[in-house]
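Okay, here's what each chain looks like letter by letter:
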Amino acid sequence: MKRLGIIGCGLRSDSYLYYMRENWAGNWALAALADPNPVARRIYRENNPVTEDCRDFESGPAMLEAMQGKLDAVIIASPNMLHTESILPALKQNLITLIEKPAVTSLADAARVWNQAQLYPAAKILIGFVLRYTAFYRQLKTVIDSGRIGKVLSIAAAEYLDPTLTSNYTRNWRRFDRLAGSFILEKCSHDLDILNMLAGDSVKSVSSFAERTLFRPREDAAMRCSDCRFRNECLYSAETLEPYYLNVGSKVYLTPLIPFNNDLCVFNSDKDTPDHQVVNLIYNNNITATFTVAMGQPRTTRTIHICGTDGQICGDIGDDYLAVRPMKGNWERITVEHDDSPHHGGDSVITNEFIQLLSGAELKVDADLHTGIEAILPAIAAEESRRKNQIIDLNAMRLFMPGF
Ligand SMILES: NC(=O)c1ccc[n+]([C@@H]2O[C@H](COP(=O)([O-])OP(=O)(O)OC[C@H]3O[C@@H](n4cnc5c(N)ncnc54)[C@H](O)[C@@H]3O)[C@@H](O)[C@H]2O)c1
């Protein structure tokens with residue numbers, strides 16, 4: 001029986017536990033829960049197998065200190081800024097550690113975690129880069145590696161957020177850089193990881209621009225949907241939006257760090273987030289890439305267009321649409337099939353990798369710590385670039401991490 005600790009009893013941890021309840025029942029139980037919200041801890045206890053001595057804590061570091069030698073694995077899924085202080089003791093205890101993306105939020109913390117991981121190689125790390133585990137991006141990578149479009153020259157990727165997902169970044173803890181790191185880091189480290197995977201190299205330099213254009217203050221709207229005269233017609237009304245956070249049963253997912261934030265006006269809220277951003281990248285192998293993200297779009301999806309020396313690939317993950325066009329000939333559609341787990345089937349695949357780690361399998365983790373940090377560097381650089389209006393050199397950043 002594997003003993004699990006959970007740090008952050010929110011939406012994300014439950015996604016992993018859901019598949020473990022369904023597919024690995026009887027092999028694991030929760031032995032410790034860390035979350036400042038007692039309601040969240042209670043809901044987790046009610047919905048999962050727990051050990052007889054399962055303990056509650058208000059924070060990850062307190063849990064790891066008290067539970068030394070009593071855990072096999074930990075899932076770290078608290079708000080981003082809090083990850084590092086839980087990762088460091090987890091590595092020191094050689095735990096199997098599932099760290100939600102973005103693993104860390106600064107270059108200094110990336111160096112601290114990287115250096116600690118070198119001291120404790122027995123600790124197994126999996127980063128929650130679930131898109132890496134999707135059939136869509138795995139098939140895309142297979143087509144690139146097959147050489148069908150020749151050598152990749154450039155990649156144009158985009159991510160669009162529908163009203164529900166947009167409200168995550170204008171209403172809850174994610175709206176604050178002091179908890180999320182930055183919008184590009186919190187929302188798009190996934191996408192930068194996919195670009196790294198497809199380019200097959202590390203980023204050399206980054207530039208970025210960002211603006212808040214759509215979600216600016218509106219005098220005609222109230223601060224809360226419940227007080228607002230547009231509450232029945234606004235696309236972003238908390239009263240009419242799909243209840244994104246309620247999949248385990250209640251409003252526990254409203255973080256106690258920012259109480260009652262769920263009906264904040266997306267226009268008038270005190271957010272740090274831009275609502276559209278573009279990032280330009282050049283890789284050390286000279287592949288160029290652009291990444292665009294925009295809030296307030298008709299649907300949530302990600303698109304991609306890749307130009308090679310001998311053809312093109314395009315795709316839309318929301319439509320399971322992937323197509324290849326050689327220099328001579330027409331678009332050829334590729335069928336993408338996956339189960340109905342979240343993130344286009346990626347959730348069940350990544351959870352299965354976590355289960356294999358817990359079972360003691362010796363496997364090369366796809367989303368390892370190196371991968372996790374490589375995706376964070378361009379996000380940190382993009383934020384710096386757009387604030388300073390400068391091109392940022394990433395090769396210099398890696399010098400902070402010996403052996404990286
Ligand atoms: N891989 C993915 O696709 C994916 C998807 C969503 C979220 N995430 C990541 O997962 C993490 C959690 O996101 P979420 O959607 O579950 O958020 P959430 O708001 O649903 O849950 C966060 C939980 O952390 C708790 N918390 C706050 N302070 C804490 C502390 N000091 N110690 C422990 N817990 C604390 C909150 O009370 C809340 O229950 C974030 O890092 C996020 O970026 C990843």
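The rules behind these values
- Residues numbered from 1 in each chain as written.
- Predicted model: local features only at pLDDT ≥ 70, side-chain atom pairs only at ≥ 80, totals over all residues.
- Buried ≥ 20, exposed ≤ 12 C-beta atoms within 10 Å, placed from the backbone.
- Helix = DSSP H or I, 4+ residues; strand = E, 2+ residues; numbered from the N terminus.
- Arc of directions from axis to C-beta.
- Contact = placed C-beta atoms within 7 Å.
- Pairing = 2+ DSSP bridges.
- Axes fitted to C-alpha atoms, helices over the stretch in contact; angles between N-to-C directions.
- Near = placed C-beta within 6 Å.
- Nonpolar A, V, L, I, M, F, W, Y, C, P; charged D, E, K, R; others polar.
- Domains from an automatic or database assignment.

A. Expanded view of helix α2 (residues 38–47). Residues A40, R41 and Y44 constitute the buried set of α2. Angular distribution of buried residues about the axis of α2 spans 100°; they occupy a single face of the element. Residues of α2 that are buried make contact with β1 (2–7), β2 (28–34) and β3 (50–57).

B. How the structure looks around the sheet that holds strand β15 (residues 392–393). Reading across from one edge, β14-β13-β12-β11-β7-β10-β9-β8-β15 is the order of the 9 strands in this open sheet, with mixed pairing throughout. Sheet topology places β14 (332–335) and β15 at the edges, where each strand pairs with a single neighbour. With 8 bridges connecting them, strand β7 (residues 152–160) and strand β11 (residues 301–308) associate as antiparallel partners. Residue pairing for β11: A157 is matched across the bridge by I304. Set on the sheet, helix α11 (residues 369–388) makes contact with β8 (203–211), β9 (276–283) and β15; between it and β8 the angle comes to about 50°.

C. How the structure looks around the site of the ligand. The local shell around the ligand holds 29 residues, among which G8, G10, L11, R12 and E100 are the closest. Here the residues of the shell around the ligand sort into 14 nonpolar, 10 polar and 5 charged.

D. Structural context of the domain arrangement of the protein. When the domains of the protein are assigned, the result is domain 1 (2–130 + 352–368) and domain 2 (135–215 + 271–339 + 371–398). When each unit is reduced to the centre of its C-alpha atoms, the spacing between domain 1 and domain 2 is 27 Å. With 3 residues, helix α5 (residues 107–119) is the single largest residue contributor to the side of domain 1 that touches domain 2.

E. Focus on the sheet that holds strand β5 (residues 96–99). An order of β3-β2-β1-β4-β5-β6 is seen for the 6 strands of this open sheet, with the pairing classed as parallel. Single-partner strands in this sheet number two, and they are β3 and β6 (125–127). For this sheet, the mean inter-axis angle between neighbouring strands, taken without regard to orientation, is 20°. Across 6 bridges, the pairing between β1 and β2 is parallel. Across the sheet, residue G5 finds its bridge partner in β2, namely A32.

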